[in-house]
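Okay, here's what each chain looks like letter by letter:
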Amino acid sequence: MTALARTIWITGGGSGIGLALARRWSREGATLILSGRDEARLQQAVEELEGPAHALPVDVTGSAPVAAAVSLIRERHGVPEMAVLNAGIYRPSTRLSAERIEAHLQTNLLGVVRCLEALLPGMRERGSGQVILMGSPAGYLGLPGATGYGASKAALLNLAEALWPELRRAGIDLRLVSPGFVDTPMVARNRFPMPFLMSADEAARRIIRGLEGRAFEIAFPRRLIWPLKALRCLPAGLRVRILNLLAGHQRD
Ligand SMILES: NC(=O)c1ccc[n+]([C@@H]2O[C@H](COP(=O)([O-])OP(=O)(O)OC[C@H]3O[C@@H](n4cnc5c(N)ncnc54)[C@H](OP(=O)(O)O)[C@@H]3O)[C@@H](O)[C@H]2O)c1
């Protein structure tokens, strides 16, 4: 945890990576505000944390509820020192569907944008803050079966790169986290092998270690990230052929 982060808001904090981060930061004495849609699950998460923690249910697909949640945080705790914009959905399918792609964009991309819109004015005014966006290596490449999810994470990567310089000038530290496969409810229904799968606690440990450094992107494990980044550098025609071979004949 950076010296600044006394109050931390985590969207998607009731489960998986968000909750694993909350557990670690709570042990270090931070005040945690956990958001998500499932109020009962948030309450349960808050009760198990060791330090001060609050459940703040909010659905990031609505601009007014997100604005209201951030106002409430500001009223009760001030502008949070850190926000982990981690809420996300993953509904893999090889069938093209506008509805499914829209759902991913609404949560994984626009959900983050809504939180930023509400948070950034306060952080800018104060001249400090740390914002962590939860990306994914699925945003590096067009992976078969991950159309909506991959598109949302690719857009998030693009958004983070575009915002970074301006936020840096405003004193706001923006980071992008790109974890490999993490054993959380999100991937529980995956029926394909997930190389280098790690626990949510191990992912949280690596994220926190990454935040102690200065890198814009915290991406792990290297054994998965580097080959994917190398693939990204290839000409597109060659890349799609290699991805096709790797994916085999994936079906719903
Ligand atoms: N697990 C992996 O392998 C992996 C790899 C790379 C990146 N990631 C990213 O890591 C982040 C966390 O995922 P996870 O793996 O920890 O899975 P998870 O346990 O399913 O966490 C996702 C969280 O997002 C919340 N959420 C979903 N839709 C929401 C909405 N509309 N409004 C508010 N909260 C919402 C969920 O809570 P409610 O259902 O209560 O709303 C849940 O707590 C995601 O952004 C995911 O894309 C995961």
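Note that this is a predicted model, so its numbers are computed, not measured. (Residues numbered from 1 in each chain as written. Predicted model: local features only at pLDDT ≥ 70, side-chain atom pairs only at ≥ 80, totals over all residues. Heavy atoms only, no water.)

Looking at the pattern of salt bridges
Enumeration over the complete set of coordinates arrives at 8 salt bridges. A salt bridge links Arg23 to Glu48, with the nearest nitrogen and oxygen atoms 2.6 Å apart. Residue Arg23 is found in helix H1 (residues 16–27), and its partner Glu48 is found in helix H2 (residues 39–48); the two are separated by 25 residues along the sequence. With a shortest N-O distance of 2.9 Å, Glu202 and Arg205 are connected by a salt bridge. In this pair, Glu202 and Arg205 both sit in helix H6 (residues 200–212), 3 residues apart, roughly one turn of the helix. (Salt bridge = Lys/Arg side-chain N within 4 Å of Asp/Glu carboxyl O. Helix = DSSP H or I, 4+ residues; strand = E, 2+ residues; numbered from the N terminus.)

What about the site of the ligand?
Close contacts around the ligand come from 30 residues, with Ser15, Arg37, Tyr149, Val182 and Thr184 the closest. Within the backbone of Gly16, an N or O atom sits 3.4 Å from an oxygen atom of the ligand. At 2.8 Å from an oxygen atom of the ligand is found a main-chain nitrogen or oxygen belonging to Val182. If you list the elements that add at least two residues to the shell around the ligand, you get H1 and helix H5 (147–169). (Near = heavy atom within 4 Å. Polar contact = N/O pair within 3.5 Å; in protein donor to acceptor, adjacent residues only side chain to side chain.)

Thoughts on the pairing of strand E6 (residues 172–179)
Buried residues dominate E6, accounting for 7 of its 8 residues. Summarising the sheet, strand E5 (residues 129–134) and E6 pair through 6 bridges and their orientation is parallel. The residue of E6 that forms the bridge with Gly129 is Ile172. Where E6 meets strand E9 (residues 217–220), 4 bridges bridge the pair, whose relative direction is parallel. From the neighbouring strand, Pro179 faces E9, where its bridge partner is Phe220. (Buried < 20%, exposed > 50% of the residue type's maximum accessible area, 1.4 Å probe, protein only. Pairing = 2+ DSSP bridges.)

Comments concerning the sheet that holds E5
Spatially, E3-E2-E1-E4-E5-E6-E9 is the arrangement adopted by the 7 strands of the open sheet, whose pairing is parallel. Since the sheet does not close on itself, it has two edges, and those belong to strand E3 (53–55) and E9, each with one partner. Geometrically, the sheet is characterised by an average inter-axis angle of 15° between neighbouring strands, direction not taken into account. In this sheet, E5 lies alongside strand E4 (residues 82–85) in parallel orientation, the contact comprising 4 bridges. Residue pairing in the sheet places Val84 in a bridge with Ile132 of E5. Against the sheet, H1 engages strand E1 (7–11), strand E2 (31–35), E4, E5 and E6, with an angle of about 165° to E1. Contacts from H2 reach E2 and E3, with the element oriented near 175° to E3. (Axes fitted to C-alpha atoms, helices over the stretch in contact; angles between N-to-C directions. Contact = heavy atoms within 4.5 Å.)

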